[in-house]
Structures are given as C-alpha cells and as structure tokens.
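Below, each chain spelled out in residue letters.
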Amino acid sequence: MESKRQQKVASLLQQELAAVFQRDLPHLFPSLPPGISLVRVSPDLGVARVYLSLLMAQSNTAGEQQLALVQDNLKAIRQALAKRVRQQLRIVPDLVFFLDDSAAYAAHMDKVFGDLHIPPAPSAEPEAGSDAEGTAPKRPKLFADEDE
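To keep things clear, this report deals only with the structure shown in the data block. Keep in mind it's a predicted model, so treat the numbers as computed, not measured.

**Focus: the overall build of the protein**
- Summing up its helical and strand segments, the protein has 4 helices and 3 strands in all.
- Along the protein, helices (α) and strands (β) appear in the sequence α-β-β-α-α-β-α when read from the amino end.
- Counting the 148 residues in the protein, one finds 24% classified as buried.
- Pairs at least 24 residues apart make up 62% of the contacts formed inside the protein by residues separated by at least 6 positions.
- For the protein, the accessible area works out to roughly 11,300 Å², and carbon and sulfur atoms hold 55% of it.

Shown next, in the form of structure tokens:
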C-alpha cells in the first residue's frame, strides 16, 4: 500500500515524464514516443519504477529496442525531468524503466477465453419422483414408525 506522498510523487512523475518525452526530447524517438502507463515510487522516494507502454510496437523486439533507446538516454531524460520538477521535489528519484506488458497479457487472455469451449447447460426438466403439477417430491421415510 503506497502512502499519499508516494502516490502524489508518482502522479507528478508520470505527467512530467510524458511531457519530457513529447515536448522536451522528441528527437530521441524516431517514431512515436513511449507512453507512461504506471509509475511506482519507493517509500524513501529515491527510486521510481516507470512502466512504458509502446502503442505502435508490433513485435517484442521493437519494444526491446525502444526500451534500450530510453535506457541509453537515461541521463538526458533525468536532467530534463529535473528541470521540470525542481520546484516540487528536492531530489529527483533514480529512474528504472520497464516494458508494460499488460496490454499483451490482456490480448492473450481474450484469446484464451475466446478459444474456450463451454458446453451448453442441460435444459430444465422435472426431476424423477416429482409430480407433473410441480409439487415437491415425497420425502423418503427414515424410520419405520414415521407417519406421513
């Protein structure tokens, strides 16, 4: 469970990193810049785990290349981020980037559920021992001296 401060810092970092990718450093990305799907901040606010969603990446290798490009330019990204958040944060956290595979996982699960074959439920027929009028069946006698 994250504290309020962690949530606020994570939200700030998510917004500002998106702005850095789109406005400050667009020359780093030949195609579309990666989107920021999630940011998690450590309790001491020293490390931020940033999950990138690559919308136009058709293959896993394209995502890995984009992640490598971001990691190669980590210093420039952190400096641009520091310029944007210098009034709100005393120390800019170390950034660790990961690929967000939740969209691929969701597509995989949709495919699994789509391929699932569920037989139809049997139709509701009256049980054996009940009357056709819909009354309940008679209880069996448990003891010999039981009256009805």
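Having seen it, we continue.
**Here we look at the packing of aromatic side chains**
- Applying the stated rule across the entire model yields 2 aromatic pairs.
- Ring centres of Phe21 and Phe97 lie 6.4 Å apart, and the angle between their planes is 40 degrees; this geometry places the pair in the tilted category. Taken together, the residues Phe21 in helix 1 (residues 4-24) and Phe97 in strand 3 (residues 94-99) connect sequence positions 76 residues apart.
- For Phe21, a relative accessible area of 1% corresponds to the buried category.
- The buried category is assigned to Phe97, whose relative accessible area is 4%.
- Geometrically, the ring pair formed by Tyr51 and Phe98 is stacked, given 5.5 Å between the ring centres and 25 degrees between the ring planes. A residue pair is termed long-range when its members are at least 10 positions apart, and Tyr51 in strand 2 (residues 47-53) and Phe98 in strand 3 qualify at 47 residues.

**Focus on the sheet that holds strand 3**
- A sheet is described by the order of its strands in space; here 3 strands give the open sequence 1-2-3, paired in mixed fashion. Pairing within the sheet leaves two strands with one partner each, and these edge strands are strand 1 (35-41) and strand 3. Averaged over all pairs of adjacent strands, the angle between their axes in this sheet comes to 25 degrees, without regard to strand direction.
- As defined by bridge partners, strand 2 adjoins strand 3 across 6 bridges and the pair is classed as parallel. Looking at strand 3, one finds that Val50 is bridged to Phe97.
- Where helix 1 meets the sheet, it contacts strand 1, strand 2 and strand 3, and its direction lies at approximately 150 degrees from that of strand 1.

**Concerning the pairing of strand 1**
- Relative to strand 2, strand 1 runs antiparallel, the two being bridged by 6 bridges. Each residue of the ladder has a partner; that of Val39, found in strand 2, is Val50.
- Linking two consecutive strands that pair antiparallel, namely strand 1 and strand 2, is a turn of 5 residues; a positive phi of about 60 degrees is found at Leu45 within it.

**Re the environment of Ser102**
- Tracing the backbone through its elements, the reader meets Ser102 in helix 4 (residues 102-115).
- The sequence separation of Ser102 and Ser53 amounts to 49 residues, and the corresponding C-alpha distance is 8.6 Å.

Cut-off values and rules
- Residues numbered from 1 in each chain as written.
- Predicted model: local features only at pLDDT ≥ 70, side-chain atom pairs only at ≥ 80, totals over all residues.
- Heavy atoms only, no water.
- Helix = DSSP H or I, 4+ residues; strand = E, 2+ residues; numbered from the N terminus.
- Buried < 20%, exposed > 50% of the residue type's maximum accessible area, 1.4 Å probe, protein only.
- Contact = heavy atoms within 4.5 Å.
- Areas by Shrake-Rupley, 256 points an atom, 1.4 Å probe, with all protein chains shown as cover.
- Phe/Tyr/Trp six-rings, centres within 6.5 Å; stacked < 30°, edge-to-face > 60°.
- Pairing = 2+ DSSP bridges.
- Axes fitted to C-alpha atoms, helices over the stretch in contact; angles between N-to-C directions.

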